[in-house]
Amino acid sequence: MAAHLKKRVYEEFTKVVQQQEEITTKKLRLTKPSKSAALHIDLCKATSPADALQYLLQFARKPVEAESVEGVVRILLEHYYKENDPSVRLKIASLLGLLSKTAGFSPDCIMDDAINILQNEKSHQVLAQLLDTLLAIGTKLSENQAIQMRLVDVACKHLTDTSHGVRNKCLQLLGNLGSLEKSVTKDAEGLAIRDVQKIIGDYFSDQDPRVRTAAIKAMLQLHERGLKLHQTIYNQACKLLSDDYEQVRSAAVQLIWVVSQLYPESIVPIPSSNEEIRLVDDAFGKICHMVSDGSWVVRVQAAKLLGSMEQVSSHFLEQTLDKKLMSDLRRKRTAHERAKELYSSGEFSSGRKWGDDAPKEEVDTGAVNLIQSGACGAFVHGLEDEMYEVRIAAVEALCMLAQSSSSFAEKCLDFLVDMFNDEIEEVRLQSIHTMRKISNNITLREDQLDTILGVLEDSSRDIREALHELLCCANVSTKEGIHLALVELLKNLTKYPTDRDSIWKCLKFLGSRHPTLVLPLVPELLSTHPFFDTAEPDMDDPAYIAVLVLIFNAAKSCPTMPALFSDHTFRHYAYLRDSLSHLVPALRLSGRKLVSSAVSPNITPHEDPSHQFLQQSLERVYSLQHLDPQGTQELLEFTIRDLQRLGELQSELAGVADFSAAYLRCQLLLIKALQEKLWNVAAPLYLKQSDLASAAAKQIMEETYKMEFMYSGVENKQVVIIHHMRLQAKALQLIVTARTTRGVDLLFGMCEKFLQEVDFFQRCFIADLPHLQDSFVDKLLDLMPRLITSKPAEVVKILQTMLRQSTFLHLPLPEQIHKASATIIEPAGESDNPLRFTSGLVVALDVDATLEHVQDPQSTVKVQVLYPDGQAQMIHPKPADFRNPGPGRHRLITQVYLSHTAWTEPCQVEVRLLLAYNSNSRIPKSPWMEGGEISAQAETSIEGTIPFSKSVKVYIMPKPTRR
Amino acid sequence: MRSFPSPRALQARGPECPGGLGQAAGPWPSGRGQRAVGEGRVWQHLPGPVPAGAGQDVGRSCILVSIGGKNVMLDCGMHMGFNDDRRFPDFSYITRNGRLTDFLDCVIISHFHLDHCGALPYFSEMVGYDGPIYMTHPTQAICPILLEDYRKIAVDKKGEANFFTSQMIKDCMKKVVAVRLHQTVQVDEELQIKAYYAGHVLGAAMFQIKVGSESVVYTGDYNMTPDRHLGAAWIDKCRPNLLITESTYATTIRDSKRCRERDFLKKVHETVERGGKVLIPVFALGRAQELCILLETFWERMNLKAPIYFSTGLTEKANHYYKLFITWTNQKIRKTFVQRNMFEFKHIKAFDRAFADNPGPMVVFATPGMLHAGQSLQIFRKWAGNEKNMVIMPGYCVQGTVGHKILSGQRKLEMEGRQVLEIRMQVEYMSFSAHADAKGIMQLVGQAEPESVLLVHGEAKKMEFLKQKIEQEFRVSCYMPANGETVTLPTSPSIPVGISLGLLKREMAQGLLPDAKKPRLLHGTLIMKDSNFRLVSSEQALKELGLAEHQLRFTCRVHLHDSRKEQETAMRVYSHLKSLLKDHCVQHLPDGSVTVESILIQAAAHSEDPGTKVLLVSWTYQDEELGSYLTSLLKKGLPPAPSGGS
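Residues numbered from 1 in each chain as written. Chains lettered and ligands numbered in written order. Predicted model: local features only at pLDDT ≥ 70, side-chain atom pairs only at ≥ 80, totals over all residues. Heavy atoms only, no water.

- Looking at an unreviewed UniProt entry, chain B carries the name Integrator complex subunit 11, with the source organism given as Myotis brandtii.
- You can read under Sequence similarities (unreviewed entry) in the UniProt record for chain B the words "Belongs to the metallo-beta-lactamase superfamily. RNA-metabolizing metallo-beta-lactamase-like family. INTS11 subfamily." (UniProt positions renumbered as here; feature names shortened; annotations may be inferred.)

- Chain A has the name Integrator complex subunit 4 in an unreviewed UniProt entry, where Myotis brandtii is given as its organism.
- Under Sequence similarities (unreviewed entry), UniProt gives the following word-for-word description of chain A: "Belongs to the Integrator subunit 4 family."

The following block contains the structure:
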């Protein structure tokens, strides 16, 4: 009987499947509920476990909807009970886990079954997989206390399993679901209160290293979930530091770190002595010891964690830099100490003799600790490590510790300086950056400065520029130091002339930071003489400019300095103040005619008034929407002009002002286009005039793209307005085309496309529609049913009236908005010598540009080369060509290859930067889109580019090939 | 039961012959060194008395280890200081009569330095040994070059007779079996060896020698800090019975390498910048390559143009092998060799004699390292007069050489032919050594976790310090055998015992909590039969042996001062135990006695003193542990009763 029934069930299912084949693909949704059925049939058909496994694998490839999950789960469970082959059971168990993660499905209904099958399962692998499934269920239902307790119970039961996999999963489960102490007391009805920490802690001494690792990880997981770990764990964890297996040690280091952060001030005894120390110090010593571990994974881990232990006593911290050198049992001074001594004794420049590193006093053999001295020399070892990963981690840790302790910063300086000589560039760069970060805390000694400056000759541009930045914020102690720095920088300038800007900038800060040290150097630097006039230096010499930048910046806060200048220096000042105003500050020069004081940057107008001005002028525009067109137009024009000017004056408001101005310009264009008197004129006569309207439409489109993609910080509310404006432009375009073209077919297509776009707009911004009351699109959507059915001509007519009636939408200003901009530093476009190359071959042109406020420049920024024949070439720079020197700033250093056929004489090509965009990137993802119907999206996506830098002209000359 | 031989060690040391006092005896005095009765001997030769802080490379390494009945010779070095028979070990000492091949199971060479492999052709071809010789691939490749060079100097230049020939070197190398890192080589059925990376020079290795459960690790020379071309030595936690480690720098903790490198580069750079010439005398292999890499990368980084030259000959061949054995170098070279092999020098070119007179700055590496002869001395004479020039000595110089003289500050040198050479050039000393310092040695000991440590290749006075430290910090025994002393190391070999599965499972089920590697108490009966061991349950043992079971019960009386009644005392005992033994089942029976699991406690009044109660504790043999614990607990007395009893 049962068999008969089942057969019938199958027959029904089969029918469904047949139906599925008949139905056209469009109604796919209808067949979806039959998924479970199909699976059931497949599994029944399967003759061998391998077959079943294949079906399951196929099934797993397709997603399952939330509503059909339960059915599928039931079928899977049914098969699970019947299945003998563990591999199939394993797959089913893993599928259960996957399915229970489905959004919108509540897995509590399958939990009982899962626990049930767990009890009868024999295979360890399947058991582990089932526990994994339970973990998925448990994390999904993290609010339900009772379920959590139950799962923890299950996990505890299986902890004694002989397979490491099962124990692993149990511990993972405990770590993820183990209840927090507070709630246990409340909800623990019927279930014994389990001390999860103790249970997990017991497995720290499991015989399998994988289980030990899992136990430590579970403990860390508990900590992450907010459970306060007991201090008793500390001792257990310390024992694990000497484990045989690296993963255990690595996890144990983490655990020790966690405990040390939880109980930094607790006191722990030092074994084999009566002393006691703070726990954080003890932990620090232990982690330091791990820096010389046998496994580099552990070493990296330990070195990284050291950086975040800020509560450590300075006594311990400073030990990390002291290795306690000795030679033949006599105390020896490090090279660093010797250098310092030499420096302080005043014979810095003398060469070193053999044997000056000879060891001095005898060391007490009993007092020397070779191993258990904890923190001793940890960083010395870390910085000398074989693996650069460890070295980088150590440098980072040094940086973090030095930032919090200035005395430590002073001490670690020598070591950082040594790292400038590392064999791996990354490490060198990292240590330079680190040095810059801590430079506020330190003053460079002359000998240290000397070593640092040696790196200026490095052939890597990154290193040099990082060093310039370091010098910008370094404190130098003596005037000799300043002189040395200047000399080395000038050397650098002659060796690598491309560093010009960076060096000037560096000298600017160097000057303004050390005015008193520069003062005594001025006569020497300017080579002035008390009695004789000296020759006037060449004003275009970059080295001379560099010296002047240093002096002028120092003079800014040193009023006595200008007295030392000679006449031509003042002339040069006036010239440089104009040409390099960002490098040369305004000086108060007595008795001289100054550059108009109005522009003096000292008088910074208070921010509020200008911001208010911006607000007011915008509000004025928005309130004036019903005035006569003439007045509106004028007001818009004035406001745009005001905003532009405001943007120029107030750099912090430039983004907002430009953004608003662009919007108003769009509006102005739209109004102008609609005000054309010729709208009423018959179409044929109008033909000639249509230029203006269609040009306006095109321009609005461009502006909207700029608004959308060239500004960082644009939020969704602005995107809606921008899209709305674009929709209006498209409507305008449609109207214009309708009036100028004759064919209906073309128009028909355009209409349809337009309506699609309206539809798209509606779907994308459905949440924002209420804000668009009375707007163009609001009205449009009201009339949508009518538009769909009407003919193109009618649609155009409706659109036209609506466009005229539509109101002016208020553009809410975003919090932070910045316009993307780019400046091409190189090529400078000054050269009169053409780049000559043989036609057909390529010439490499170095391009160096700074980008401001560009998001994701790697994918958006392109270089365009325009040849005189109108041919344009787009170059995609490599991701590695972009550097990120600061927040919101990027630097592009790349090579562009030029090539052309032979020219008769040299001509200029234009190089500029473009910002590529894709109209889909900004659109918020609506739930509707997740359904997978991407096709609609792709149709409307528009890709384009916006030029965002001034173009630079490069003189080139492709020569004909000589044969 | 089979007896397990313990590895023993004997060490004998040749007489120190400073300045070659005319002693005819070989390095191993046959009169003094006892013939070891057992299987094991370790001979070791220490460097002659050289000035302090140097001379590590001058010496003979040749160590014999006997382990588990196998004899292994570790290294086969020669002594640079002697030119007579004493330069080679006296191999006749190993076996008086009988062939070496029969006595030695294998020979292991740790690296290619001559004080570790120089006597190899003599040993294998002239004395006669046909067994396997193990070394790493780079050592196998470079070793014959050095041997051939050594032979040429000895025979062609000094005209010595009775020296090994080129053919002998070739024949010797035919007996070599090359091993890879971490490859376990089965020498015979019982003996296996495994190589670990040792830094020091290209191809240097540490060897683990293992017979059964016993093992010895021999480090050779090693370096725990990486340098510009090699990585750091590394070994896993192999827990050998004995670790034989070099101890050249037993009493030194070295400064960071970076300062030295920086100083070196700065000096070279400054000299080159002011137009001077730099001479760096080096030995052909090892440090020379490190310095080359250092300068090459610096030139590359700083975009310098001054030429660097390397004197030709032996070096070129060696550089070729450095290019080949990239896997043996450090992380940076290994990672970048796909783009460019670091040993394919861009800036370093071969030197020609004529270049020395070229104007303008240059850097020249020239052999030999102590400026005592050859090209380096020639160049030195040419350049010494100019104060713009500089000579950098990268290593130690033996007394009497030009190198030593200039380092100790002499500014006028007498050359042959009564010439006087005035030195105006700058003289600098830079030590680049590739041995582990005291911290490094301790680090390696910590990594390997040996049961005992044996220090070799160092000075006795310095070893003493290190020995003390090792014993103090690792709590392992440490040996530094003096000359002619025998060291025997007892080992505790593990004996496999079979256990019945039933018993194992039963015992496993009892303790639920895992306790890793801690020894676990297991009750069973050990049966030794036909030289195999079995652990079975007592029931089964009884059955097998046909014995009847006997019950063994312990009773113990504990006197307690308690004036109250027996029941009350029992009650107090009950509550006391209940509070202490939470994990056990404590019961108070109606008849007034207390049970803890199966242990019975009864309280009775003392027959004479009513103020004292006698607690009778009784337990079976199986509960011995808990029973004795309980007794000791009760002997401590009961806590004062809350009611304020006596």
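## Considering the environment of Q447 of chain B
Here is step 1: Summarising the element assignment, Q447 of chain B is placed in helix α12 (residues 438–448).
Here is step 2: What Q447 of chain B contacts, discounting residues up to four positions off in sequence, is D293 and G294 of chain A together with M224, W234, I235, D236 and K237 of chain B. (Helix = DSSP H or I, 4+ residues; strand = E, 2+ residues; numbered from the N terminus. Contact = heavy atoms within 4.5 Å.)

## Observations concerning a nonpolar patch on the surface
Residues and elements named next belong to chain B.
Here is step 1: There is a patch of nonpolar side chains on the surface, built from I499, L501, L504, M508 and L522 and spanning about 410 Å² of accessible area.
Here is step 2: The greatest single-element share of the nonpolar patch, amounting to three residues, is contributed by helix α14 (residues 501–510).
Here is step 3: Structurally, I499 is set in strand β23 (residues 498–499). (Patch = residues over 30% accessible without salt bridge, like charges linked within 9 Å, V, L, I, M, F, W, Y side chains within 5 Å. Areas by Shrake-Rupley, 256 points an atom, 1.4 Å probe, with all protein chains shown as cover. Salt bridge = Lys/Arg side-chain N within 4 Å of Asp/Glu carboxyl O.)

## Comments concerning the pattern of salt bridges
Here is step 1: Counted under the stated rule, the structure contains 58 salt bridges over all chains.
Here is step 2: In this structure, the salt-bridge partner of D244 of chain A is R239 of chain B, at a minimum N-O distance of 2.7 Å. Placement of D244 of chain A in the loop between α14 (233–240) and α15 (246–262) and of R239 of chain B in the loop between β10 (214–218) and β11 (242–246) is noted, with the two residues assigned to different chains.
Here is step 3: Where salt bridges share partners, they join D244 of chain A together with K237, R239 and E449 of chain B into one cluster.

## Quick look at helix α23 (residues 425–438) of chain A
Here is step 1: In this model α23 of chain A runs 20 Å from its N-terminal to its C-terminal C-alpha over 14 residues, within 8% of the 20 Å that 1.5 Å per residue would give.
Here is step 2: Along α23 of chain A, the positions that sit buried rather than exposed are V427, R428, L429, Q430, S431, I432, T434, M435 and I438 of chain A.
Here is step 3: Lining the buried residues of α23 of chain A we find α21 (388–404), α22 (406–419), α24 (446–454) and α25 (461–472) of chain A together with α7 (287–302) of chain B. (Expected span 1.5 Å × (residues − 1). Buried < 20%, exposed > 50% of the residue type's maximum accessible area, 1.4 Å probe, protein only.)

## Quick notes on the domain arrangement of chain B
Here is step 1: Here chain B is described as being made up of domain 1 (50–252 + 435–479), domain 2 (257–429), domain 3 (495–508 + 522–550) and domain 4 (553–636).
Here is step 2: Centre-to-centre separation of domain 2 of chain B and domain 4 of chain B, based on C-alpha positions: 86 Å. (Domains from an automatic or database assignment.)

## A short note on the packing of aromatic side chains
The relation between two aromatic rings is expressed through the spacing of the ring centres and the mutual angle of the planes.
Here is step 1: Counted according to the given criterion, the structure contains 27 aromatic pairs over all chains.
Here is step 2: When the centroid spacing of 5.7 Å and the interplanar angle of 70 degrees are considered together, the rings of F552 of chain A and F565 of chain A count as edge-to-face. Of the two residues, F552 of chain A sits in helix α30 (residues 542–556) while F565 of chain A sits in the loop between α30 and α31 (567–579), which places them 13 residues apart along the sequence.
Here is step 3: Since its relative accessible area comes to 0%, F552 of chain A is described here as buried.
Here is step 4: For F565 of chain A, a relative accessible area of 8% corresponds to the buried category.
Here is step 5: Look at Y150 of chain B and F164 of chain B: their rings are 6.4 Å apart centre to centre, the planes differ by 55 degrees, and that puts the pair in the tilted class. Here Y150 of chain B, found in helix α4 (residues 137–157), pairs with F164 of chain B, found in the loop between α4 and α5 (166–174); they are 14 residues apart in sequence, far enough to count as distant. Assigned by exposure class, Y150 of chain B and F164 of chain B land together as buried. (Phe/Tyr/Trp six-rings, centres within 6.5 Å; stacked < 30°, edge-to-face > 60°.)

## Some points on the sheet that holds strand β19 (residues 426–429) of chain B
All names here are of chain B.
Here is step 1: Judged by pairing direction, the sheet is parallel, and its six strands sit side by side in the order β14-β13-β15-β12-β16-β19 without closing on themselves. Of all strands in the sheet, those bounded by a partner on one side alone are β14 (348–350) and β19. The mean angle between the axes of side-by-side strands here comes to 25 degrees, regardless of whether they run parallel or antiparallel.
Here is step 2: Of the pairings in the sheet, the one linking strand β16 (residues 390–393) to β19 comprises four bridges and is parallel in character. Bridging across to β19, V391 finds its partner in V427.
Here is step 3: Running at roughly 165 degrees to strand β15 (residues 362–366), α7 makes contact with β12 (277–281), β13 (308–310), β14 and β15 of the sheet.
Here is step 4: Strand contacts of helix α10 (residues 374–383): β12, β15 and β16, with the helix running at about 150 degrees to β12, the strand carrying the most contacts. (Pairing = 2+ DSSP bridges. Axes fitted to C-alpha atoms, helices over the stretch in contact; angles between N-to-C directions.)

## Concerning the nonpolar core
Here is step 1: Among the nonpolar cores identified, the biggest contains 183 residues, and L134, L171, L174 and I200 of chain A are the most heavily contacted of them.
Here is step 2: The biggest single contributor to this core is α30 of chain A, with eleven residues.
Here is step 3: When residues no more than four places from it in sequence are discounted, the contact partners of L174 of chain A are V152, A155, C156, L159, V196, I199, I200, L222 and R225 of chain A.
Here is step 4: Counting 129 residues, the second-largest nonpolar core is a separate cluster that includes L114, I392, A448 and M480 of chain B. (Core = buried A, V, L, I, M, F, W, Y, C linked by side-chain atoms within 4.5 Å.)

## Digging into the packing of helix α4 (residues 49–61) of chain A against helix α6 (residues 86–100) of chain A
Residues and elements named next belong to chain A.
Here is step 1: At a minimum axis separation of 9 Å, α4 and α6 run at an interaxial angle of 15 degrees. Considering their axes alone, α4 and α6 lie roughly parallel with respect to each other. In this structure, α4 meets α6 at a crossing whose hand is left-handed. Contact with α4, carried on its side by P49, A52, L53, L56, L57, F59 and A60, involves S87, V88, K91, I92 and L95 of α6 and no other residues of that element. (Parallel < 35°, antiparallel > 145°, perpendicular 65-115°, else oblique. Left-handed = near helix turned anticlockwise from the far one by under 90°.)

## Points about the sheet that holds strand β28 (residues 594–596) of chain B
Residues and elements named next belong to chain B.
Here is step 1: Taking strand neighbours across the sheet as the criterion, the five strands line up as β26-β30-β29-β28-β27 in an open arrangement whose pairing is antiparallel. Where the open sheet ends on each side, the last strands, each with one partner, are β26 (553–561) and β27 (586–588). Geometrically, the sheet is characterised by an average inter-axis angle of 20 degrees between neighbouring strands, direction not taken into account.
Here is step 2: Here three bridges tie β28 to strand β29 (residues 599–605), and the two strands are oriented antiparallel to one another. Bridged to V594 within β29 is I601.
Here is step 3: Packed on one face of the sheet, helix α17 (residues 624–635) meets β26, β28, β29 and β30 (612–620) and runs near 170 degrees to β30.

## Points about unusual backbone geometry
Residues and elements named next belong to chain B.
Here is step 1: The backbone of D75 sits at a positive phi, close to 65 degrees, despite the residue not being glycine.
Here is step 2: Along the chain, the position of D75 falls in the loop between β3 (70–74) and α1 (100–103).
Here is step 3: A relative accessible area of 0% places D75 in the buried class.
Here is step 4: The phi dihedral of R239 is positive, around 45 degrees, even though this residue is not glycine.

## Details of the environment of V298 of chain A
Residue and element names in this part refer to chain A.
Here is step 1: Positionally, V298 belongs in helix α17 (residues 296–306).
Here is step 2: Residue class for V298 comes out buried when judged on its relative accessible area of 0%.
Here is step 3: With 195 residues separating them in the primary sequence, V298 and L493 have C-alpha atoms 43 Å apart.
Here is step 4: Ignoring sequence-local partners within four residues, the contact set of V298 consists of E246, R249, S250, V253, M290 and D293.

## Examining the packing of helix α8 (residues 124–140) of chain A against helix α10 (residues 164–177) of chain A
All names here are of chain A.
Here is step 1: Their axes nearest at 8 Å, the elements α8 and α10 cross at an angle of 10 degrees. When the interaxial angle is binned, α8 and α10 end up roughly parallel. Taken together, the residues of α10 that come into contact with α8 (itself represented by H124, L127, A128, L131, D132, L134, L135, G138 and T139) are G165, V166, K169, C170, Q172, L173, N176 and L177.
Here is step 2: When grouped by side-chain class, the residues that make up the contact of α8 with α10 number nine nonpolar, six polar and two charged. (Nonpolar A, V, L, I, M, F, W, Y, C, P; charged D, E, K, R; others polar.)

## Topic: the pairing of β30 of chain B
All names here are of chain B.
Here is step 1: Counting buried residues in β30 gives eight out of nine residues, a clear majority hidden from the surface.
Here is step 2: Note: β26 against β30, nine bridges, orientation antiparallel. Looking at the pairing, F554 lines up with W619 of β30.
Here is step 3: Where β29 meets β30, six bridges bridge the pair, whose relative direction is antiparallel. Its bridge partner being in β30, I601 is matched across the sheet by V617.
Here is step 4: Linkage of β29 to β30, two consecutive antiparallel strands, is achieved through a turn of six residues.

## Points about the confidence of the model for chain A
Residue and element names in this part refer to chain A.
Here is step 1: Overall, the prediction assigns chain A a mean pLDDT of 78, with 82% of residues at 70 or greater.
Here is step 2: Mean pLDDT per element in chain A: helix α43 (residues 927–930) is the minimum at 36, and α15 is the maximum at 93.
Here is step 3: The model gives residues 182–192 a pLDDT under 50, and that stretch makes ten contacts with residues more than four places away or in other chains.
Here is step 4: Across residues 593–606 the pLDDT falls below 50, and counting only partners more than four positions away or on other chains, this stretch makes eight contacts in the model. (pLDDT = per-residue confidence, 0-100.)

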